[in-house]
Amino acid sequence: MTIMETRKHGSAADGLVGGRLSRFEGDLKVTGAATYALEYPVDGLAHAVLVQSTIAAGTVVAVDASQALAVPGVLMVLTPEDDLGLMTASDWYGNRPENQPFLPLPREVTYNGQSIAAVVGESREQAIEAAKLVRVIYEEKPGIADIDDAKAGKGKLMDNLSVAWGDAEAAFAAAPVRVEAEYRTPREYHVAMEPHGLTAKWDGDQLTVWEPSQWTHGMQRNYAEWFGLPIENVRMISPFIGGGFGSKGVALPYGAVAAAAARKLGRPVKLAVTRPQNFTSYGGRAATRQTIALGATEDGVLQAIIHRGANETSTYTDYPEQTGAATPILYKVENFSSQSRVVPVNTVTPGALRGPGKNPSAFGIECAMEELAYKLGMDPLELRLKNYADHDYQSGKPWSTRQLREALTQGAEAFGWSRRSHEPRSMRDGRQLVGWGIGCGTFPVLRAPSAAMIRILANGRVEVVSGAIDMGQGTYTILAQTASEALGVPVDQIDVVLGDSRLPGSAIAGGSMLAGSITGAVHKTAAAARDELIGLALNDPNSPLRDTGANTLTVSNGRIASELGQGPALSLPELMAALGRTEIEVVRNTLPEDAQSLTDQNAAWSSMARVQGPTMGDYSMHSWCAHFAEVRVDEDFGTVRVSRIVSAFDCGRLYNPKMVESQWRGGIIMGIGQALFEEGLVDGRNGRTINNNVGDYLVPTNSDIPHIQVISVGVPDHQASALGGKGVGEVGIVGVAPAIANAVFHATGKRVRDLPLTLDKLL
Ligand code: MCN
Ligand code: MOS
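Residues numbered from 1 in each chain as written. Chains lettered and ligands numbered in written order. Predicted model: local features only at pLDDT ≥ 70, side-chain atom pairs only at ≥ 80, totals over all residues. Heavy atoms only, no water.

Lay out the nonpolar core with the relevant residues and their values.
Burial of nonpolar side chains together is a common tendency in soluble globular proteins. Within the largest apolar cluster, 84 residues are counted, with the highest numbers of intra-cluster contacts made by L294, L372, F628, V631, W664, I740 and L757. Beyond its immediate chain neighbours, meaning those up to four positions away, L757 contacts V640, A675, L676, I740, A741, V744 and V752. Listed in part, the 57 residues of the second largest apolar core include Y36, I534, L536 and A550. (Core = buried A, V, L, I, M, F, W, Y, C linked by side-chain atoms within 4.5 Å. Buried < 20%, exposed > 50% of the residue type's maximum accessible area, 1.4 Å probe, protein only. Contact = heavy atoms within 4.5 Å.)

Following this line, the structure appears as structure tokens:
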């Protein structure tokens, strides 16, 4: 646990909600003062190294560890022979299979790169050396390398993802203008700067885990259930995280291996997942395929959308990457049909990666819309505005707030869209073909309860305490601002303590739901703390404000006083001293009244059971954006550079515009990577991820990123959250890749429908 020293940044207004306060933990991170999970000094550490499978499918017949065990310093080799005594944990919704053992080092191999053994040594170097000497004998089975493998087949229809209204087939058949095409996205990976790993330490039956986590309470529960412990026996500590992007929301098999090894050895164990192992220790974004058919009238009114999507999944879990997530809600259409399939292949189960579902979904529909615009000979901006959805046609509900029209028009204005010439290859700059394209994006508002604690100390400092996390998105900062505003105490008097499952429960930093949820909880708690202070000041026999005749007091700028100037204006230390209090502690949560039992609370913080989707209520609630991209394509070489991006967003009220702009830019940068570079390559012979390192799996560098202008067009949305904000963290990536693909078409006249847009596809 680290108590954050807050400092003044800029003006006093910067410290309130809506101010541009700089990130509290930023200095600590860039100066190396932040302690990451694997850097915690723990006495007596042993080091575990994973051994991963080299076949796509089959059985581990035997593991010969004799040579490995002979390496000096090696303490233990764990193999599928070892019974680690673990049980399967609940899924995200809190559903748990009964009596199902959990085998983090299984005998059955279902993908290449699966952990099947681990070596523990006195030093990491000794363990690495020994891991190379572990001999595994397999009985190999034919595997399915990826979704394009002939053996993969069409996969399974996910009935719960089918969406339909009107008669899409008939309306499409009757439409005078039609486009239909297949869009493809490859496997993509999180590649957060901080790789995965943990240190696990047992004290009797208490387990402490230092591990980067997007959800301390959810992962606490994972470990507790694996090891059959009461939930409070596990402590997850994660005050600093070097990025997660969806990969650090649940405990993963390697965590079970490290904790089980620590228990067996009676020593703390550290396990650092190597960069290559990060590519298969958890799933990246699934490869997707989708066919989109659009039917329209000759003047560009959409008549039908037919969407057929599919994504890769593993052979053991049906993970849906919902390519139909954005398709039904972006445009007004009376006839709609969407179906989704999952295609099991021999891969680790894919996972959530920034904007899951919505991201590939927007690639399909937003490319298809521009294809339709060209077929109609219509400006793609005009086509989008013409088919603007006045309400949510899927749920039939009104939007809570939807400033997508403003995003499109203000984005277009800032970009200079009106200067575009429509024909492909009609704009150039020397040998560079210039192209402009649009991509819209959306992300649902998810609402979840959270708890928080406010502690007012004798020295006047205020602690805001929560088990929520900050992986760079700004939680520390916005919580100080929220408490400052609600409590009336300047932000430099506030410390924020996060990232520990012992602290009050919180929603996951996932699905862009944390900020709305936790600012709501902190606001409520801080207001209650202020009321308590005022109550004590008015009523406590020792309070200098008691007998002044004042009956209302306010707290402002850290001083408590009557509005009419009756009696003294006391600073918090003065009041605390007079009251003889060392501390005032207030805890509140945003669960409903009838869900305050400990069981209900534990379930709420450690599962998704109480998360409300975007249409659970009277409205349909989403964040929205419109990206405008300019590309330059070298006519001779086919190289694509993104030379300018302007993006306009509706994310409701912004708690801290500086953080938000950085979130949006971060998403856009990831979108540029997705558009131009990112592609997990699979060896068709053995299902191996070939480019499993950051030298070969390319992500953008500074020189790939142009000026990015971001614009907020949102208005407060009080349906979406207590303070009026909508989700920010993910929507930025959604729609970027299609904007770039559309710009590349405009530049070159060549329509590339499979990401990434590499030069070979343009020549
Ligand atoms: N914010 C705001 N006003 C709002 C909403 C948000 O000021 N109305 C700002 C706050 O600074 C807040 C941040 O935006 O801390 C993100 O808020 P939110 O959209 O609620 O997202 P979460 O806090 O739930 O963070 C998770 C989200 C997800 S799901 C991914 S994936 C992602 C993302 O955040 N991964 C990230 N942004 C990331 N940023 C960094 N640096 N690293 C990651 O791994
Ligand atoms: Mo974000 S992919 O929901 O962690």
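Give me the lowdown on helix α13 (residues 572-579), citing residues and values where you can.
Within the span of α13, buried status applies to L572, L575, M576 and L579. The buried residues of α13 occupy an angular sector of 100° when the element is viewed end-on, so they sit on one face. Where α13 is buried, its residues meet β19 (451-457), β20 (462-465), α12 (514-539), β23 (559-562), β24 (570-571) and β25 (583-589). (Helix = DSSP H or I, 4+ residues; strand = E, 2+ residues; numbered from the N terminus. Arc of directions from axis to C-beta.)

Can you explain the pairing of strand β18 (residues 432-444)? Please cite residues and give values.
When a strand is regular, its side chains alternate between the sheet's two faces. For β18, a buried count of 12 out of 13 residues is recorded, marking the element as mostly surrounded by other parts of the structure. Bridge count for strand β17 (residues 428-429) against β18 is two bridges, and the pairing is antiparallel. Residue pairing across strands places D429 opposite Q432, the latter belonging to β18. Between the antiparallel neighbours β17 and β18 lie two residues, among them G430 with a positive phi of about 65°. Two strands pair when backbone bridges link them, and β18 and strand β26 (residues 622-634) are joined in this way by 13 bridges, in the antiparallel orientation. Bridge assignment links I438 to a residue of β26, and that residue is F628. (Pairing = 2+ DSSP bridges.)

Lay out the side chain of S466 in plain terms, naming residues and giving numbers.
Among the secondary structure elements, S466 is positioned in the loop between β20 and α11 (475-487). Within the structure, the side chain of S466 is placed 2.8 Å from the backbone nitrogen of A468, a separation counted as a polar contact. Among all residues touching S466, those that are not within four sequence positions of it are A451, V497, L498, G499, L503, P504, S506 and I518. (Polar contact = N/O pair within 3.5 Å; in protein donor to acceptor, adjacent residues only side chain to side chain.)

Residue-level account of the UniProt feature "domain: Aldehyde oxidase/xanthine dehydrogenase a/b hammerhead" (unreviewed entry) in the chain, with values.
Taking the UniProt record as the reference, the feature "domain: Aldehyde oxidase/xanthine dehydrogenase a/b hammerhead" (unreviewed entry) is found at residues 31-142. Spanning residues 31-142, this segment combines 12% helix with 30% strand, and its end C-alpha atoms are found 50 Å apart. (UniProt positions renumbered as here; feature names shortened; annotations may be inferred.)

Now, about the site of ligand 1: what can you tell me, with residues and values included?
In the vicinity of ligand 1 lie 32 residues, with G244, R653, Q663, V728 and G729 positioned nearest. Within the backbone of M471, an N or O atom sits 3.4 Å from a nitrogen atom of ligand 1. Contact between ligand 1 and L514: an oxygen atom at 2.9 Å from a main-chain N or O atom of the residue. Summarising the interface, the protein chains cover 96% of the accessible area of ligand 1, which totals 830 Å² for the free molecule. Contributing elements (two or more residues each) for the shell around ligand 1: α11, α12 and α15 (657-676). The element that contributes the greatest number of residues to the shell around ligand 1 is α15, accounting for three residues. In the shell around ligand 1, the residues fall into 13 nonpolar, 15 polar and four charged. (Near = heavy atom within 4 Å. Areas by Shrake-Rupley, 256 points an atom, 1.4 Å probe, with all protein chains shown as cover. Nonpolar A, V, L, I, M, F, W, Y, C, P; charged D, E, K, R; others polar.)

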